[in-house]
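Understanding the architecture of this molecule
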Amino acid sequence: MSDEPGPNCATAALELCVSSWKMAKAKVSTQFSQPSLAHLPVKSMGRTLNCTENGLRVHSPCEETSFALQQETAMENRAMAGCRNRSFTHQTPARLSRLIISLRAWAARHIHHEDQTPDSFLERFQGSELKEVSIQESNAQSNPGSHELPDTEESTWPLARSNTNTCNNSQEEKQKDAMDAMVVDPSSNIYYRWLTIIALPVFYNWCLLVCRACFDELQSENLMLWLVLDYSADILYGLDMLVRARTGFLEQGLLVRDAKRLRNHYAASVHFKLDVLSLLPTDLAYFKLGVNYPEVRFNRLLRFSRLFEFFDRTETRTNYPNVFRIANLVLYILVIIHWNACVYFAISKLIGFGSDSWVYPDVSRPEFGRLSRKYVYSLYWSTLTLTTIGETPAPVKDEEYLFVVVDFLVGVLIFATIVGNVGSMISNMNASRAEFQARIDAIKQYMQFRKVTKDLEARVLRWFDYLWASRKTVDEKEVLKSLPDTLKAEIAINVHLDTLRKVGIFQDCEAGLLVELVLKLRPTVFSPGDYICRKGDIGREMYIIKEGRLAVVADDGVTQFVVLSDGGYFGEISILDIKGSKSGNRRTASIRSLGYSDLFCLSKDDLMEALTEYPDAKRALEEKGRQILRKDNLMDEEAAGAAAADPGDLGDKVERLESSLDALHTRFARLLAEFDAAQAKVKQRLSQLESQVRASGGGRAAGGGLARPEEDGGRPSAPGEAPRAPGKRCPQ
């Protein structure tokens, strides 16, 4: 740290002189006015802080100058009473002022000798306050000879204001992050839980409002309960509007989190209009009609979209979608029957209870006066009418006939649709079983046609039974074919990656290669007694045991050497086709399934296809295979050395041949293009020659035609006539 006074310290010293001159001038003109002295320590403090901001922290000359200034100010304050009677001459302030102006000009030339150019890049991130500070500083630099200094209120501390601006920005960012955190993702669990909560008041209004409006006893006997439930539902409706205003939506695949855009998006939607209508204070009609008219709250039914959205999301989330669909349809049927029953009772009340055989009986009779009997009787009548499966009293009046006709039409249309959907759902629930049974029937017919032995037929049927019992009848490729490759890879990794990592040669492989191999694993199920491989067979697959027990058996198929269980693997050496292996790519042992075994199969072709993109992994796998063969004394070092001396294996030769074919194809294409270009040039040249020949021949023919008529007496030859010799006439 330099001990020399910096530019700011020199400025502070100059400010001290100027302040002293101002005090002297103030003593002469205003008889030592007190406010100027009151401002002086504040200015010195600001200049001291500026020195500190520029890096001079402790014991700097700037601080000493400021301290001296404070001491001088204190001394002048103490000596003020004694100095009141003094008088200064007019020449002394003038000389002092000229000296100070000269010092300020000299300091301005030496301190601000380098112009500071603004950074346009940083200005884009500079706040309005910092821009004002920079403007004021530039103005101060452009006027070095100014006689007046800025007041305390106008002076600025750039670092302090920058820190304040930074703090404000950080607070604004925190507030913005907090507002973004309040945005609800429509695919999140929180949003689904809120749908569950808001579906309750919607369902409550749809079921009980019409019932309370039609059955007077139900409304009047539980008035306080209904008021509490109604306004609790209204509170939830209001909260739901706030949630919808903070619910994000996708734009170009990204979730929009801007609060203003979310509000505008919600305000422009149809749901906002329905939500506002559903919260209109129609309850004010209670003051005129009374609280026993809940039908004034029917606008609350307009929030039905939330109930349907809850049903849709539950259907996609549940593990039993078919069961949920059936339960949902049953609920729709019950709601329709419930509403129809309430309307029937209201029409009966309007016409008059017991006035004819069609309406509800007279409520004065004890058995028909109870609330439960009123609702149950109406529900029974509604069920019989809509399902058209029972006898109901015939209508008497015209309005009764109209209502029954509408009920019959509703029952036929709606229930036909619902019953058809239920039938399709039930058939979809049994679709997998029907498809599996069709496969079994086809296999059975084939075995009967080919006269397969009963023992083998029984084994095949037991294998199918095991597949159905263990739920392994699903074809994974068929099920996952509609998914993109990324999701297929993630599902395969989630299901099979741990199993693949159990194989020793794949433990240190690249993640990309493991993903490629995971996608190529095929599940296979073997029955008890099935041979997975026999000794001497050519190895084209390797196997990983997912579930079951396998035995390495002798040639007789009975003697067991080793029993393999879950997580075991075999056949990895044969599919690598390592040069120098004594067994080549043939199986060295026979492996038999003791029970039903679930294995993963990886073919040699799939492995080699995956290794073409990972040559380093291929070499590493071959080296691991050689180590295993050396450990088991199955490695022929001479053959391995000869293979290493060979310039390349068959695969390399094929690659070189393919590259040579590509080069020949390129050369042939180039020669063909050159031939086409030469042929076009020849054709163009021939065309030019033909045109020239035709032009010259036409000129000569025109010259001869003009001479012959004069020689032949003026008669030209007829078209197609042979030319005549000159001076001769044709015989008469």
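The subject of this paragraph is the overall build of the chain. When its secondary structure is counted, the chain shows 28 helices and 10 strands. Burial statistics for the chain: of 732 residues in total, 30% are counted as buried. Taking contacts inside the chain between residues at least 6 apart in sequence as the whole, the part at least 24 apart equals 71%. Of the roughly 46800 Å² that the chain leaves accessible, carbon and sulfur atoms contribute 59%.

Looking at the chain as a whole, its pLDDT mean stands at 76, while 69% of the residues score no less than 70. Across residues 1-7 the pLDDT falls below 50, and counting only partners more than four positions away or on other chains, this stretch makes 7 contacts in the model. Segment residues 705-732: pLDDT under 50, and 10 contacts once partners within four positions in sequence are set aside and those in other chains are kept.

This next bit is on the pattern of salt bridges. Charged atoms that come close allow side chains of opposite charge to pair. Here the structure, examined in full by the defined rule, presents 24 salt bridges. For Arg-313, the salt bridge goes to Glu-309, with nearest N and O atoms at 3.5 Å. With Arg-313 and Glu-309 both in helix α15 (residues 304-317), this residue pair falls 4 residues apart, about one helical turn. By relative accessible area, which is 25% here, Arg-313 ends up partly exposed. Each of Asp-240, Arg-244, Asp-275, Arg-303, Arg-306, Glu-309 and Arg-313 takes part in salt bridges that share partners, so that together they form one network.

Restricting attention to buried positions, one finds in helix α25 (residues 604-611) the residues Lys-604, Asp-606, Leu-607, Ala-610 and Leu-611. Down the axis of α25, the buried side of the element spans an arc of 165°, and every buried residue falls inside it. Packing partners of the buried residues in α25 comprise α24 (511-520), β10 (597-603) and α26 (615-631).

The tally for this structure, following the rule as stated, stands at 27 aromatic pairs. Taking 6.0 Å as the distance between ring centres and 70° as the angle between the ring planes, the aromatic pair formed by Phe-215 and Tyr-375 counts as edge-to-face. Placement of the pair is Phe-215 in the loop between α9 (189-214) and α10 (216-221) and Tyr-375 in helix α18 (residues 371-387), with a sequence separation of 160 residues. Judged by its relative accessible area of 0%, Phe-215 falls in the buried class. Following the ring pairs from residue to residue traces out a cluster consisting of Tyr-192, Phe-304, Phe-308, Phe-310, Phe-311, Phe-324 and Tyr-332. The ring of Tyr-231 has Arg-297 lying over it, and the distance from NZ or CZ to the ring centre is 5.6 Å. Above the plane of the ring of Tyr-192 lies Arg-317, whose end atom (NZ or CZ) is 4.6 Å from the centre.

Here strand β4 (residues 531-533) pairs with strand β9 (residues 590-593) via 2 bridges, running antiparallel. Bridging across to β9, Cys-533 finds its partner in Ile-591.

In spatial order, the strands read β3-β10-β5-β8; together these 4 strands make up an open sheet with antiparallel pairing. Since the sheet does not close on itself, it has two edges, and those belong to β3 (522-526) and β8 (569-570), each with one partner. With 2 bridges connecting them, strand β5 (residues 541-547) and β8 associate as antiparallel partners. The partner of Ile-544 across the bridge, within β8, is Tyr-569.

Turning our eyes to something else, we now look at the sheet that holds strand β7 (residues 560-564). One open sheet holds the 4 strands; their spatial order is β4-β9-β6-β7, and the pairing between them is antiparallel. Two strands in the sheet have a free side with no partner beyond their single neighbour: β4 and β7. Each strand of the sheet is rotated relative to its neighbour by a mean of 30°, with strand direction disregarded.

Let's shift gears to the state of the cysteines. One pass over the full model with this rule turns up 0 disulfides. With no disulfide of its own, Cys-211 lies 4.5 Å from the sulfur of Cys-342, the closest cysteine sulfur.

One non-glycine residue, Gln-252, lies in the positive phi region at around 55°. Here Gln-252 shows up in the loop between β1 (250-251) and β2 (254-255). Since its relative accessible area comes to 81%, Gln-252 is described here as exposed. Notably, Lys-451 is not glycine yet its phi reads approximately 55°, a positive angle. Within the secondary structure layout, Lys-451 lies in the loop between α20 (431-449) and α21 (454-469).

Describing two packed helices takes the angle between their axes plus the distance from one axis to the other. Two elements in contact, helix α11 (residues 223-245) and helix α13 (residues 270-278), have axes whose closest approach is 10 Å; the angle formed by their N-to-C orientations is 160°. If you check the angle between α11 and α13, you find them roughly antiparallel. The handedness of the crossing between α11 and α13 is left-handed. Note on element contacts: α13 touches α11 through His-271, Phe-272, Asp-275, Val-276 and Ser-278, opposite Tyr-237, Met-241 and Arg-244. When grouped by side-chain class, the residues that make up the contact of α11 with α13 number 4 nonpolar, 2 polar and 2 charged.

Rules used in this analysis
Residues numbered from 1 in each chain as written. Predicted model: local features only at pLDDT ≥ 70, side-chain atom pairs only at ≥ 80, totals over all residues. Heavy atoms only, no water. Helix = DSSP H or I, 4+ residues; strand = E, 2+ residues; numbered from the N terminus. Buried < 20%, exposed > 50% of the residue type's maximum accessible area, 1.4 Å probe, protein only. Contact = heavy atoms within 4.5 Å. Areas by Shrake-Rupley, 256 points an atom, 1.4 Å probe, with all protein chains shown as cover. pLDDT = per-residue confidence, 0-100. Salt bridge = Lys/Arg side-chain N within 4 Å of Asp/Glu carboxyl O. Arc of directions from axis to C-beta. Phe/Tyr/Trp six-rings, centres within 6.5 Å; stacked < 30°, edge-to-face > 60°. Lys NZ or Arg CZ within 6 Å of the ring centre and 35° of its normal. Pairing = 2+ DSSP bridges. Axes fitted to C-alpha atoms, helices over the stretch in contact; angles between N-to-C directions. Disulfide = S-S within 2.5 Å. Parallel < 35°, antiparallel > 145°, perpendicular 65-115°, else oblique. Left-handed = near helix turned anticlockwise from the far one by under 90°. Nonpolar A, V, L, I, M, F, W, Y, C, P; charged D, E, K, R; others polar.

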